[in-house]
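Report on the structure
Here are the chains, one letter per residue:
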Amino acid sequence: MEQDLRGFIERVKARNPADVVRVREEIDPRYEISTLIMELEKARRYPLTIFDNVKGQDISVVTNVLAPRERLALALGVAPSDLAAEFSKRINQRLDPVEVREAPFRENVFLGSEVDLYKLPILTHFPIDAGPYITAGLVIAKDPETGVETGGYHRMQLKGQDKLGISLHSRQRLWEYFRRSEELGKSLEATVVLGIHPNISMGSMALVPYNLGKYAAMGGLFGAPLQVARCRTVDLLVPAYAEIILEGEILAGEREAEGPFAEFTNYACYRSTENVFRVKAIQYRNKPLFQDITPGMSSEHITIVGVQREGDVLNALNRTLPNVKNVHAPISACGLFHCYISLKKIAEGQAQQAIFTAFSVDHNLKMVVVVDEDVDVFDERQVLWAMATRLQADRGVTIVPQHMGMGCTLDPSSDELSRTSKMGIDATKPLSGFAPTVEIAAEAQKQIQRFLGSFGLSDD
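Overview of the structure. None of these values were measured; they are calculated from a predicted model.

Structural notes on the environment of R230
Inspection of the secondary structure assignment puts R230 in strand β12 (residues 227-230). A residue is classified by how much of its surface remains accessible, and R230, at 35% relative accessible area, is partly exposed. It is 43 Å that separates the C-alpha atoms of R230 and F356, two residues lying 126 residues apart in sequence. Apart from the residues within four sequence positions on either side, R230 is in contact with E99, F105, R106, D235, L236 and L237.

Following this line, the structure appears as structure tokens:
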């Protein structure tokens, strides 16, 4: 399997040429690209789009690489319905990375005073944003205590020729690595990697122990070791086939206002850790593709988060429960706050067990709904139907009060300490004595297949 973005784009095009669109007309990097993508979103269309003529820029922009769900499944080489299960399996099949001597991103190198971030097509997405933002930059850094690497997405505001604002608002690995480094009185070396294969993006989202690196998880998704190459000015290894590399450091002892920014919740976020990233070198491939993720509540911004939630929750459930069918973190809940679980219940109480297992995996979850195996969790109409016809709130709803539940720092409904209440819903049928479900006649279903072609629904 290829490990570069260009190879993946060719695979998308080979499967369906209409899924890759090149826009050659001039387009403004201020608002126009994000507006176009959001208009396509309304029409439920998600083409991988390359903008070759960005006003005032010489570098092309590529967006919608990570949308829709079917595209992430293509990256893993599986059916969309198997995406979460395959992710959860492969993410644990860790393969250590291998360092290669040559890397395409070294074709163009700019050091020190040559660094100029304004030569990159960094987009301004929405009027609420404080300015142009890098949204698809995977930030790579190492734990100053253990040397274990991490990679994660963090919004980065363009501040100057060699300066970016960065918010470490997730309070997870990068935030902790920077805290440890700053405690030692040192800035944290980091790189921003742009233009990468979706498996690298998905691997960066995985929940792995702090003593383990993310690169081995990415290798598990590829089924082969991730190829990495050494940076020029910082002691870090980065994906060898990335399009663009920004090398530098997150500065100790410096804070500067950053934001607001249109976050995945579809609200403006003013919260920020107000960190500063100083760029020391820029390297990129010939004719590079500058990757952008449309922020706000776009499918690309949310789907990859949801898939990671699904995989991690599924892994946890499979360790404690039999007969788990599927897990879905829907776009309607920003891919983060709600989780639907389907299972074949063989003992009363298993739905409650599933609910609290899911809550233990991710503190961001606010609502978990458990349904029977006959309900397709990827169809929210079916989930709501199960809730409408199989749930009595006084028996099937469990509330965790707000003061007991940690939430998401970007959830505008959480309190000043980012705490949130949680709700678990058991929308499963009792094991006996419930009304039978209406079923389609099996013999008629076989016969009716010959008519489906008239409606464009044939299996052919």
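A look at the packing of aromatic side chains
Per the counting criterion, the structure on display carries four aromatic pairs. For the cation-ring pair, K366 lies above F337, with the distance from its terminal atom to the ring centre recorded as 5.3 Å.

Considering the sheet that holds strand β2 (residues 48-51)
Taken together, the four strands give an open sheet; going across it, the order is β1-β2-β3-β18, and neighbouring strands pair in mixed fashion. Since the sheet does not close on itself, it has two edges, and those belong to β1 (20-23) and β18 (289-292), each with one partner. When strand polarity is set aside, the average angle formed by the axes of neighbouring strands in this sheet is 25 degrees.

Quick notes on the sheet that holds strand β4 (residues 98-99)
Here three strands make up an open sheet; going across it, the order is β4-β12-β13 and the pairing mixed. Of all the strands in the sheet, the pair left with one neighbour each is β4 and β13 (237-239). Across two bridges, the pairing between β4 and β12 is parallel. Considered in β12, the bridge of V98 is made with Q227.

Looking at the side chain of D19
With respect to the helices, strands and loops of the structure, D19 is situated in the loop between α1 (5-15) and β1. The buried category is assigned to D19, whose relative accessible area is 18%. D19 has contacts with V12, P47, L48 and R71, leaving out every residue within four places of it along the chain.

Considerations on the pattern of salt bridges
Inspection of every chain in the model, using the stated rule, returns 31 salt bridges. The salt bridge involving D235 is made with K142; its shortest N-O contact spans 3.2 Å. With a gap of 93 residues between them, D235 in the loop between β12 and β13 and K142 in strand β7 (residues 138-142) connect regions that are remote in the sequence. With a closest N to O distance of 2.6 Å, E176 and R179 form a salt bridge. On the criterion of helical spacing, the pair formed by E176 and R179 is a turn pair, its members being three residues apart in helix α5 (residues 173-183). On the basis of relative accessibility, which here comes to 13%, the residue E176 falls in the buried class.

What counts and how
Residues numbered from 1 in each chain as written. Predicted model: local features only at pLDDT ≥ 70, side-chain atom pairs only at ≥ 80, totals over all residues. Heavy atoms only, no water. Helix = DSSP H or I, 4+ residues; strand = E, 2+ residues; numbered from the N terminus. Buried < 20%, exposed > 50% of the residue type's maximum accessible area, 1.4 Å probe, protein only. Contact = heavy atoms within 4.5 Å. Phe/Tyr/Trp six-rings, centres within 6.5 Å; stacked < 30°, edge-to-face > 60°. Lys NZ or Arg CZ within 6 Å of the ring centre and 35° of its normal. Pairing = 2+ DSSP bridges. Axes fitted to C-alpha atoms, helices over the stretch in contact; angles between N-to-C directions. Salt bridge = Lys/Arg side-chain N within 4 Å of Asp/Glu carboxyl O.

Distances and angles like these do not, on their own, reveal function.
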